[in-house]
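Observations on the three-dimensional arrangement
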Protein chains: 2
Amino acid sequence: MSITVRQWQPRSSPVGLPKPSDFEFVSRLLDTTLRPDEVLLKLLYISLAPGMRLRLGAPQGLNDDDYMARHGNVIPTWAIGRVIESRSERFPIGTYVSDLHGRAGVQDYCVLPASELAAIDPTTVPLTAYLGVLGTQGYTAHLGLLHVGRPVAGETVVVSAAAGSTGSAAGQIAKLKGCRAVGIAGGPEKCRYVVEEFGFNVCVDYKGGDLSAALAAACPNGIDVFFDNVAGQVLDTCLLHMARGGRIVFCGAIAEYNVATPPTGLVNYLQILKRGLRWEAVYYHAHPDKYESVGADLQNWIRAGLLKYREDIVVGLENFYPAFMKLFTGENSGKVVLQVNAGETA
Amino acid sequence: MSITVRQWQPRSSPVGLPKPSDFEFVSRLLDTTLRPDEVLLKLLYISLAPGMRLRLGAPQGLNDDDYMARHGNVIPTWAIGRVIESRSERFPIGTYVSDLHGRAGVQDYCVLPASELAAIDPTTVPLTAYLGVLGTQGYTAHLGLLHVGRPVAGETVVVSAAAGSTGSAAGQIAKLKGCRAVGIAGGPEKCRYVVEEFGFNVCVDYKGGDLSAALAAACPNGIDVFFDNVAGQVLDTCLLHMARGGRIVFCGAIAEYNVATPPTGLVNYLQILKRGLRWEAVYYHAHPDKYESVGADLQNWIRAGLLKYREDIVVGLENFYPAFMKLFTGENSGKVVLQVNAGETA
């Protein structure tokens, strides 16, 4: 048995900002003969995130070696789907699932082993939430802030890309823990909803002038925890405003993902020594023992209305390229999700 | 009552490598009328260390704000002395002491409060050891490696400035904990004694050619813990060889202390994100609760012959400048100590 699958594949490794010609939208036959424990998924929602850029070939040795997109294969990413054929007792037909390792890909159907799936409940929160605030980004915000950054009540937490999926969650969790949350975002509209919707104390517009002066004003006692999704110039500036004993949670580097030439380099890194800082990467896969408690926290906070999120849902697999590019132009408003098989009953 | 004290003072803040004209050797009268709990010390051994450069005014905002040397005052540093007048019951005349906060200074006598002193025992290890391996440098090596770096047996620990006082201790402690110790030092003679005297598994000569290739050969499984005393190009190169989940202990930045212009910047810092690294500063003052157990470890290891150290003792307060400069030219062989009041009975 086989079905026709439509999927996006890489055609070439982008140099700088990805171009339409870096991608190919193809139809191919998928063999749906399942092996034991495999299921066939009809995909419903596909996660688009900045980190996918690292799966396409990235500058400065930043490639995601474990999950590189390969010519002739689908671009890998996380997705939500419904089981339509099954050889797994855990996942009978009709079950809604999310994939754990981000291998579903930018396509409308896929086959995955049961070991890479988790069943999800569509009745308590919208399915799309499992791609963002209840997916890798929410988990990373929680683990990064509380397990790596470890702020205590009263401390100042600064979050870059504060309007984004991970950043908005990190700032809200900081507030839930009694911290002062300061966002950094691009443009007055994003800064507005970072404060009004997500409840940050203040949000600094990095496009709005002197970032260093704005940070000094927003953080009179310095930055205790900097949750960084951006790197580059924003990070270099924040280094000058860290409080003694501060912590930098390194979650992303979107400012560097599309840089075609080597970066100018981090000039202020000696502040790590002078101010006695800890700078530590967080990533989703590092703490599997904590998934359950983190998931419970996130679910509880969402149901209680304490953890809000924005989604930017683009309908139609054919719109992958413009949807993906929103992440790098900053046009998106919240988590970017590609909705596929939209015409069919979920 | 007063005595004449000879002391070194800063004349100007050095630009780049310190010049003789940046310092002034003066005699001044010291009022020896003691307040309660103060003692008058005859200094015997004075510690010279790279970090003193930061007390003279340093580039890139690296000044040691807490202990800046001021024009008209002595250059601060740690020293060992003997109590010759006392208004403290804890420190009767004749007691040998080390100062805890590095305020004794480059001079032959000083007055300090009892709260800033610790009594030391001259009978078990030489007094000079309390300035290096039993002083800030040994404590920093111990705390930095075991408390910050936390290597486990079998891991690869790389130490820069491995021939120096802190680095040689860090590497030996790594070996005591069952790790593989790889040194980085300048020149074949230093590399030789890092291996032969201090027992590192191997030592890479950073002046000897392609550091990156040499590190790749010395660390086939990558670097689990990098104990860095150097920063700059050595650090940037090591970032490319870190193992996933590796830790960088940031202890010093001697490559940057005499840089007159802003640094070119750290180009490979995105490896922190990609490899899931933790980069953390260590400094002596951060863990007062651990001083006692650290001191006991160091004493035991020294007595058992498991922790060796080299000293480069320069006699005569008048020789401060050439002795200090050894640290930056790399001419020194081990901990640089200035011996003063050498003609008198200790």
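Residues numbered from 1 in each chain as written. Chains lettered and ligands numbered in written order. Predicted model: local features only at pLDDT ≥ 70, side-chain atom pairs only at ≥ 80, totals over all residues.

Concerning the overall build of chain A
What counts, and what does not: The numbering of helices and of strands both runs from the N terminus, where a helix is a DSSP run of H or I of at least 4 residues and a strand a run of E of at least 2. Residue burial here comes from a neighbour count, namely the number of other C-beta atoms, placed from the backbone, that lie within 10 Å of the residue's own C-beta, with 20 or more meaning buried, 12 or fewer meaning exposed, and in between meaning partly exposed. Think of it this way: build a C-beta for each residue from its backbone, and any pair within 7 Å is a contact.
When helices and strands are tallied, chain A shows eight helices and 15 strands. Overall size of chain A, expressed as C-alpha extent along the three principal axes, is 65 × 45 × 35 Å. Counting every position in chain A, which comprises 346 residues, the buried fraction comes to 49%. Considering only contacts in chain A between residues 6 or more positions apart, those separated by 24 or more positions represent 67%.

Describing the relation of the copies chain B and chain A
Going by this rule: All copies are superposed by least squares; the fitting set is the C-alpha atoms of residues with a pLDDT of at least 70 in both.
When chain B is fitted onto chain A, the two copies agree to an RMSD of 0.0 Å after a turn of 180 degrees and an axial shift of 0.0 Å. Expressed as a symmetry operation, the mapping of one chain copy onto the other fits a two-fold axis. When you check the interface residues of chain B against chain A, 100% turn up at the interface there too, and the contact is symmetric in its surfaces.

Focus: the domain arrangement of chain A
Residue and element names in this part refer to chain A. Note the threshold: Residue ranges assigned to the domains are those given by an automatic or database domain assignment. Amino acid classes used here: Ala, Val, Leu, Ile, Met, Phe, Trp, Tyr, Cys and Pro are nonpolar; Asp, Glu, Lys and Arg are charged; the rest, including Gly, are polar.
When its domains are assigned, chain A resolves into domain 1 (2–132 + 309–339) and domain 2 (136–285). Each of domain 1 and domain 2 has a C-alpha centre, and these two points are 28 Å apart. Contact residues are listed per partner, giving 17 residues for domain 1 and 16 residues for domain 2. Looking at the side of domain 1 that touches domain 2 residue by residue, the class counts come to nine nonpolar, six polar and two charged.

With respect to the confidence of the model for chain A
For the record, the criterion: pLDDT expresses, on a scale from 0 to 100, how confident the predictor is about each individual residue.
On average, residues of chain A carry a pLDDT of 94, and 98% of them reach 70 or more. Quick note on the complex model: pTM equals 0.93, ipTM equals 0.92.

A closer look at helix α8 (residues 320–329) of chain A
Residues and elements named next belong to chain A. Counted only if it meets this: Here, the arc refers to the directions that run from the helix axis to the C-beta atoms.
Considered for burial, the residues of α8 that qualify are Phe320, Ala323, Phe324 and Leu327. Each buried residue of α8 sits inside an arc of 100 degrees when the element is viewed along its axis, so together they form one side. Facing away from the buried side of α8 by more than 90 degrees, the exposed set consists of Pro322 and Thr329. Where α8 is buried, its residues touch β1 (2–10), β3 (38–48), β14 (311–315) and β15 (335–339).

Digging into the interface of chain B and chain A
The condition that has to hold: Think of it this way: DSSP has to see at least two bridges between two strands before they count as a pair.
Taken together, the contact between chain B and chain A spans 25 residues of the former and 25 residues of the latter. Where the side of chain B that touches chain A is concerned, the elements lending two or more residues are α6 (271–274) and β13 (278–281) of chain B. Of all the elements, β13(B) adds the most residues to the side of chain B that touches chain A, at four residues. Looking at side-chain class alone, the side of chain B that touches chain A contains 17 nonpolar, four polar and four charged residues. Inspection of the sheet shows strand β13 (residues 278–281) of chain A paired to β13(B) by three bridges, in the antiparallel sense. Note on β13(B): the bridge partner recorded for A:Glu280 is B:Arg278.

Notes on the sheet that holds β13(B)
Backbone hydrogen bonds are what pair the strands of a sheet, in a parallel or an antiparallel way. Selection rule: Here an axis means a line fitted to C-alpha atoms, over the contact stretch when the element is a helix, while the angle between two N-to-C directions is reported on a 0 to 180 degree scale.
Strand order across the open sheet formed by 12 strands is β10(A)-β9(A)-β8(A)-β11(A)-β12(A)-β13(A)-β13(B)-β12(B)-β11(B)-β8(B)-β9(B)-β10(B), with mixed pairing between neighbours. The sheet is open, and its two edges are formed by β10 (202–205) of chain A together with β10 (202–205) of chain B, each paired on a single side. Mean inter-strand twist for the sheet, computed between neighbouring axes without regard to direction, equals 15 degrees. One ladder, built from five bridges, connects strand β11 (residues 223–228) of chain A with strand β12 (residues 242–250) of chain A; its direction is parallel. Paired with A:Val225 across the two strands is A:Arg247, which belongs to β12(A). On top of the sheet, helix α2 (residues 165–176) of chain A reaches β8 (156–160), β9 (180–185) and β11 of chain A; it is set at about 170 degrees to β8(A), its chief contact. Lying on the sheet, helix α2 (residues 165–176) of chain B is in contact with β8 (156–160), β9 (180–185) and β11 (223–228) of chain B; it crosses β8(B) at an angle near 170 degrees.

Side note on the nonpolar core
Keep this limit in mind: Put simply, a nonpolar core is a cluster of buried Ala, Val, Leu, Ile, Met, Phe, Trp, Tyr and Cys residues tied together by C-beta atoms within 7 Å.
Residues A:Leu41, A:Leu48, B:Leu41 and B:Val249 are the most contacted members of the largest nonpolar core, which totals 216 residues. Discounting chain neighbours no more than four positions away, the residues touching B:Val249 are B:Gly144, B:Leu145, B:Val148, B:Gly149, B:Val225, B:Phe226, B:Phe227, B:Asp228, B:Glu280 and B:Val282.

Description of the pairing of β15(A)
All names here are of chain A. Counting buried positions along β15 gives four out of five residues, so the element sits mostly inside the fold. Pairing geometry for β3 and β15, over four bridges, is antiparallel. Bridge pairing in β15 links Ile46 to Leu338. With five bridges joining them, β14 and β15 adopt parallel strand pairing. By the bridge assignment, Val314 is partnered in β15 with Leu338.

With respect to the environment of B:Gln9
All names here are of chain B. Here Gln9 is to be found in strand β1 (residues 2–10). For Gln9, a count of 19 C-beta atoms within 10 Å corresponds to the partly exposed category. Separated by 13 residues in sequence, Gln9 and Asp22 have C-alpha atoms that sit 8.8 Å apart. For Gln9, the residues in contact, after removing those within four places along its chain, are Glu24, Val26, His71, Gly72, Asn73, Val74 and Ile75.

Description of helix α1 (residues 136–149) of chain A
Residue and element names in this part refer to chain A. Put simply, the rule is: Note on bend: the value at a residue is the angle between axes fitted to the seven residues ending there and to the seven starting there.
Of all the bends in α1, the greatest, near 25 degrees, is centred on Leu143. The element α1 is largely enclosed, with a buried count of 12 among its 14 residues. When we look at burial in α1, the residues that qualify are Thr136, Gln137, Gly138, Tyr139, Thr140, Ala141, His142, Leu143, Gly144, Leu145, Val148 and Gly149. A positive backbone phi angle near 50 degrees is found at Arg150, which sits one or two residues after α1.

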